[in-house]
Amino acid sequence: MIIIEFVAGVVVFATLWALISRNEWWVRCFDFPRLQILSVGCVAWLGLILASSYHQTIEDPVLFVILTGCLVYQSWMILPYTFLWKKQVLQAHNPDPDNAVSVLVSNVLTPNKNYQALIDHVQNYQPDLLVTLETDWIWERALSVIEADYPYVVRVPLDNMYGMHLYSRLPLVNPEVKFLLSPEIPSIHTQVRLRSGQLMRLYCLHPKPPTPNEALDSTLRDAELLMVGDHVASQRESCIVVGDLNDVAWSRTTRLFQRISGLLDPRIGRKFMNTFHVNYMLLRWSLDHVFHSHDFTLVEMSLLESIDSDHFPVYTVLHFDPAMQSKQIAPTPSADDEHLALAKINAGIMQARREAPRHQRDPLMT
């Protein structure tokens, strides 16, 4: 009974701790394992019920009530990413190939040498867009074999685990590499011309995670996501945002990003799409994302087989269909959302300036 109560107490602590509105990694880390916390909590909840059969009543009714409330809250946070929820993005029917766009996103893990596994995925799925993260010069040379089929390339090879490459079969219009908050963290911003001639914007992101060996808090990550979300909203164009956002779909920041940007999440009403960590089946969550404007519907979205990285690749096919805008309601921000987003962006800018080297006190590059 003591063990069951201890486990229940840990679940209650983890749930309530994540409610604290602070950015330190040791607070924000509890945003990630909500599915795991819920699973362990359900075991503890059943344990309290079974133990009560021997004692006629539950020994600690207060703990039982609080644990029940925590399980309801955790369920509410993750249920949107199951088939039990209403789909945010409708399924495409009879998609027009000229208005379809397929995207393969893969965080390759820089030290990983299994280049052929990713090349095989590219050859098998023939995506219109390939976005690679953590790619350095070695990965760039290895992937050069696909460039005959991908004439439009944006290269940002880095050896700091934040390199990034974009390979495209479709024409890229005014592609740019931006360092929004750090001279070490790139992002790719471009327009893409579909086969029909329709232009859409594409943002490829990979902000730093809030972990002890990367960033001690989530300030810069949150600010980068919200800066992109604000830019998406200001452009009011067809848009796709992809990448390893180092945040989970159900976090407050990602949900705020959706409301600020007005973008949809095709996982809502379907499945979790837990991409990380490949090697720990019971400790996986969704770090790699595809968001899009409400004039796209979903053809397909799936995890691909491991390429020996710590992330699974994600393959997504979307269909541009402006007639569906009236049927797919874009999230909208409240006044409080806009104030909070602005505050987080300003906090990120100030922190970036403090952390920049003296010879580069303003790291913002637009």
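Look above for the structure.
Described in the following lines is the structure provided in the data block. (Residues numbered from 1 in each chain as written. Predicted model: local features only at pLDDT ≥ 70, side-chain atom pairs only at ≥ 80, totals over all residues. Heavy atoms only, no water.)

Comments concerning the sheet that holds strand β5 (residues 172-178)
Strand order across the open sheet formed by five strands is β5-β6-β7-β8-β9, with mixed pairing between neighbours. Of all the strands in the sheet, the pair left with one neighbour each is β5 and β9 (288-292). The average undirected angle you get between the axes of adjacent strands in this sheet is 10°. Examined bridge by bridge, strand β7 (residues 199-205) and strand β8 (residues 239-244) share five bridges and lie parallel to one another. Opposite Tyr-203, over in β8, you have Val-241 as the bridge partner. (Pairing = 2+ DSSP bridges. Helix = DSSP H or I, 4+ residues; strand = E, 2+ residues; numbered from the N terminus. Axes fitted to C-alpha atoms, helices over the stretch in contact; angles between N-to-C directions.)

Looking at the nonpolar core
One finds Val-101, Val-131, Leu-166, Met-200, Leu-202, Ile-240 and Val-242 to be the most contacted residues of the largest nonpolar core, which totals 30 residues. One finds Val-11, Ala-44, Val-248 and Phe-272 within the second-largest nonpolar core, a separate group that totals 25 residues. (Core = buried A, V, L, I, M, F, W, Y, C linked by side-chain atoms within 4.5 Å. Buried < 20%, exposed > 50% of the residue type's maximum accessible area, 1.4 Å probe, protein only.)

Brief notes about helix α1 (residues 2-17)
Residues three or four positions apart in an α-helix share a direction because the helix packs 3.6 residues into each turn. Between its terminal C-alpha atoms α1 stretches 22 Å, which fits the 22 Å expected from 16 residues at 1.5 Å a residue. Along α1, the residues classified as buried are Ala-8, Val-11, Val-12, Ala-14 and Thr-15. Down the axis, α1 shows its buried residues gathered within 165° of arc, on one side only. Opposite the buried face of α1, by more than 90 degrees, sit the exposed residues Ile-2, Ile-3 and Phe-6. (Expected span 1.5 Å × (residues − 1). Arc of directions from axis to C-beta.)

What to know about the environment of Ile-329
Locating Ile-329 in the fold gives a position in the loop between β11 (314-320) and α9 (335-355). We classify Ile-329 as exposed; its relative accessible area is 63%.

Regarding a nonpolar patch on the surface
Together, Leu-16, Leu-19, Val-62 and Ile-66 give the surface a local cluster of nonpolar side chains, amounting to about 350 Å² of exposed area. Mapped onto the fold, Leu-19 is located in the loop between α1 and α2 (25-28). (Patch = residues over 30% accessible without salt bridge, like charges linked within 9 Å, V, L, I, M, F, W, Y side chains within 5 Å. Areas by Shrake-Rupley, 256 points an atom, 1.4 Å probe, with all protein chains shown as cover. Salt bridge = Lys/Arg side-chain N within 4 Å of Asp/Glu carboxyl O.)

Structural notes on the sheet that holds strand β3 (residues 152-156)
Strands in a sheet are paired, the pairing made by backbone hydrogen bonds, and the direction either parallel or antiparallel. Read from one edge of the open sheet, six strands run β3-β4-β2-β1-β11-β10, paired in mixed fashion. The strands lining the two open edges of the sheet, one partner per strand, are β3 and β10 (296-303). Between one strand and the next, the sheet's axes are offset by a mean angle of 15°, whatever the strand orientation. Relative to strand β4 (residues 164-168), β3 is paired through five bridges, and the arrangement is antiparallel. Bridging from a neighbouring strand, Val-156 pairs with Met-164 of β4. Strands β1 (100-107), β2 (129-133) and β11 of the sheet are contacted by helix α5 (residues 115-125), whose axis makes an angle of about 170° with β1. (Contact = heavy atoms within 4.5 Å.)

Comments concerning the pattern of salt bridges
This structure, assessed with the given rule, holds 12 salt bridges. Between Asp-128 and Arg-195 there is a salt bridge, with its nearest N and O atoms 2.4 Å apart. Of this pair, Asp-128 sits in the loop between α5 and β2 while Arg-195 sits in the loop between β6 (187-193) and β7, and the two are 67 residues apart along the sequence. Taking the shortest distance from any N to any O, the salt bridge between Asp-337 and Arg-259 comes out at 2.8 Å. Taken as a pair, Asp-337 in helix α9 and Arg-259 in helix α8 (residues 252-261) lie far apart in primary sequence, 78 residues in all. The partly exposed category is assigned to Arg-259, whose relative accessible area is 25%. When salt bridges that share partners are traced, they join Arg-221, Asp-222, Asp-247 and Lys-344 into one network.

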